[in-house]
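Residues per chain are reported as follows:
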Amino acid sequence: DTGVSQDPRHKITKRGQNVTFRCDPISEHNRLYWYRQTLGQGPEFLTYFQNEAQLEKSRLLSDRFSAERPKGSFSTLEIQRTEQGDSAMYLCASKPGQGVNSPLHFGNGTRLTVT
Amino acid sequence: DQQVKQNSPSLSVQEGRISILNCDYTNSMFDYFLWYKKYPAEGPTFLISISSIKDKNEDGRFTVFLNKSAKHLSLHIVPSQPGDSAVYFCAAINDKVIFGPGTSLSVIP
């Protein structure tokens, strides 16, 4: 169990550029989640996958955001035409598919700064 | 609409004393609750959980209490240690995990 891995740890980009983040979940975990956290707030749900299927997307996830998990393993989160309001910590988490109440295991996040 | 609330943004406690972190929720359909701990520059780490069919769960120095009628839960840490200084998030499970805004705990040596 190497834990949830996220890359990069930090990303600074200029407004209008596209960025992509990667998440590698714990290998036996079927469910993968993306959350966003801003200062003074708790993590806010963005979307989640069961294997390769994206099962739910938050209304926070505008059409500039897209997430994929093509082979049911790693996932990517892309933000197109970034805005300063996108600056946040983007957290990925995973958990086994069975046991709806099992806790999420989080990665250390990708901190995005849009200048 | 914030479904999970932590009304104290920060808390300071002397080492060795009890820390009590509070959480309120609005959705009576929540049936499982968790506490996470977060250090700077790290992701949240699961600490302890409680099912809605229980009113108490204990794990070492950490105890979570649930009052369903009041839609309130609390995390007790005793004795508090400087290494407990972190942000604590209360969370509830619907079909996904919903987090409160967090309480920053400082344990003073």
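Note: the structure precedes this text.
Residues numbered from 1 in each chain as written. Chains lettered and ligands numbered in written order. Predicted model: local features only at pLDDT ≥ 70, side-chain atom pairs only at ≥ 80, totals over all residues. Heavy atoms only, no water.

Engineer: What is the right way to read the overall build of chain B from this model?
Structural biologist: Counting its secondary structure elements, chain B contains 0 helices and 11 strands. Starting at the N terminus and walking to the C terminus, you meet the elements of chain B as β-β-β-β-β-β-β-β-β-β-β. Radius of gyration (C-alpha) of chain B: 13 Å, near the 13 Å computed for a compact globule of 109 residues. Over its C-alpha atoms, taken along the principal directions, chain B stretches across nearly 40 × 25 × 20 Å. Across the 109 residues in chain B, those meeting the buried criterion constitute 48%. (Helix = DSSP H or I, 4+ residues; strand = E, 2+ residues; numbered from the N terminus. Rg over C-alpha atoms; globule rule 2.2 N^0.38 Å. Buried < 20%, exposed > 50% of the residue type's maximum accessible area, 1.4 Å probe, protein only.)

Engineer: For this particular structure, what's the right way to read the layout of surface pockets?
Structural biologist: Rolled over the atoms, a probe as big as a water molecule pinpoints where empty space is left. What the second largest pocket holds in volume is close to 440 Å³. In terms of lining, the second largest pocket is formed by 23 residues, of which the most central are Gln37, Leu39, Gly40 and Arg111 of chain A together with Lys38 of chain B. If one sorts the elements of the lining of the second largest pocket by residue count, strand β9 (residues 86–93) of chain B sits on top with 3 residues. For the lining of the second largest pocket, the residue count by class is 10 nonpolar, 10 polar and 3 charged. (1 Å grid on protein atoms, 1.4 Å probe; cavity = no way out; pocket = protein on both sides within 12 Å on 5 of 7 lines; lining within 4 Å. Points joined across faces, edges and corners; volume = space filled by probe spheres on them. Nonpolar A, V, L, I, M, F, W, Y, C, P; charged D, E, K, R; others polar.)

Engineer: Any chance you could explain the interface of chain B and chain A here in plain terms?
Structural biologist: It is common to give the size of an interface as the accessible area that goes away when the parts come together. Chain B puts 19 residues into the contact, and the matching count from chain A is 20 residues. Buried area between chain B and chain A, summed over both chains or domains, comes out near 1,600 Å², and the portion from carbon and sulfur atoms is 56%. Sorting the residues of chain B by area buried against chain A places Pro44, Lys96 and Phe99 of chain B first, and these three jointly supply 28% of that buried surface. Our count for the chain B to chain A interface comes out at 1 salt bridge. For Glu56 of chain A, the salt bridge goes to Lys96 of chain B, with nearest N and O atoms at 2.9 Å. (Contact = heavy atoms within 4.5 Å. Buried area = accessible area lost by both parts, 1.4 Å probe. Salt bridge = Lys/Arg side-chain N within 4 Å of Asp/Glu carboxyl O.)

Engineer: Hey, could you run me through the pairing of strand β7 (residues 65–68) of chain A in this one?
Structural biologist: Taken residue by residue, a regular strand's side chains alternate between the two faces of the sheet. Burial along β7 of chain A is one-sided: the residues Phe65 and Ala67 of chain A are buried and none of Ser66 and Glu68 of chain A is. Linkage of β7 of chain A to strand β8 (residues 75–79) of chain A, two consecutive antiparallel strands, is achieved through a turn of 6 residues, within which Gly72 of chain A is found at a positive phi near 70°. (Pairing = 2+ DSSP bridges.)

Engineer: Which parts of the structure should I look at to understand the state of the cysteines?
Structural biologist: When the sulfur atoms of two cysteines share a covalent bond, that bond is a disulfide. Residue and element names in this part refer to chain A. Taken as a whole, this structure holds 2 disulfides over all chains when the rule is applied. Between the sulfur atoms of Cys23 and its disulfide partner Cys92 the distance amounts to 1.9 Å. Around the S-S axis, the bridge from Cys23 to Cys92 shows a dihedral of about -70° and counts as left-handed. One end of the pair, Cys23, is in strand β3 (residues 19–24); the other, Cys92, is in strand β9 (residues 88–95), and 69 residues separate them in sequence. Taking relative accessible area as the criterion, Cys23 reaches 0% and is therefore assigned buried. Residue Cys92 is classed as buried on the basis of its relative accessible area of 0%. (Disulfide = S-S within 2.5 Å.)

Engineer: Would you mind going over unusual backbone geometry with me for this structure?
Structural biologist: The peptide bond linking Asp7 of chain A to Pro8 of chain A adopts the cis configuration, its omega dihedral lying at -5°. In this structure, Pro79 of chain B follows Val78 of chain B across a cis peptide bond, with omega equal to -5°. Examined against the element boundaries, Pro79 of chain B turns out to sit in the loop between β8 (72–77) and β9. Non-glycine residue Asn51 of chain A carries a positive phi angle of around 55°.

Engineer: What am I meant to see in the sheet that holds strand β7 (residues 62–67) of chain B here?
Structural biologist: Residues and elements named next belong to chain B. Here we have 5 strands laid out as an open sheet, ordered β1-β3-β8-β7-β6, and antiparallel in their pairing. Each having just a single partner strand, β1 (4–5) and β6 (56–59) make up the two edges of the open sheet. Two elements, strand β3 (residues 19–25) and β8, share 6 bridges in a ladder whose sense is antiparallel. Its bridge partner being in β8, Ser19 is matched across the sheet by Ile77.

Engineer: Even after reading the chapter, I still don't get the sheet that holds β8 of chain A, so can you show me in this structure?
Structural biologist: Residue and element names in this part refer to chain A. The strand order across the open sheet built from 4 strands is β1-β3-β8-β7, with neighbouring strands paired in antiparallel fashion. Each edge of the open sheet is held by one strand with a lone partner, namely β1 (5–7) and β7. This sheet shows a mean twist of 15° between the axes of neighbouring strands, independent of strand direction. Two elements, β1 and β3, share 3 bridges in a ladder whose sense is antiparallel. (Axes fitted to C-alpha atoms, helices over the stretch in contact; angles between N-to-C directions.)

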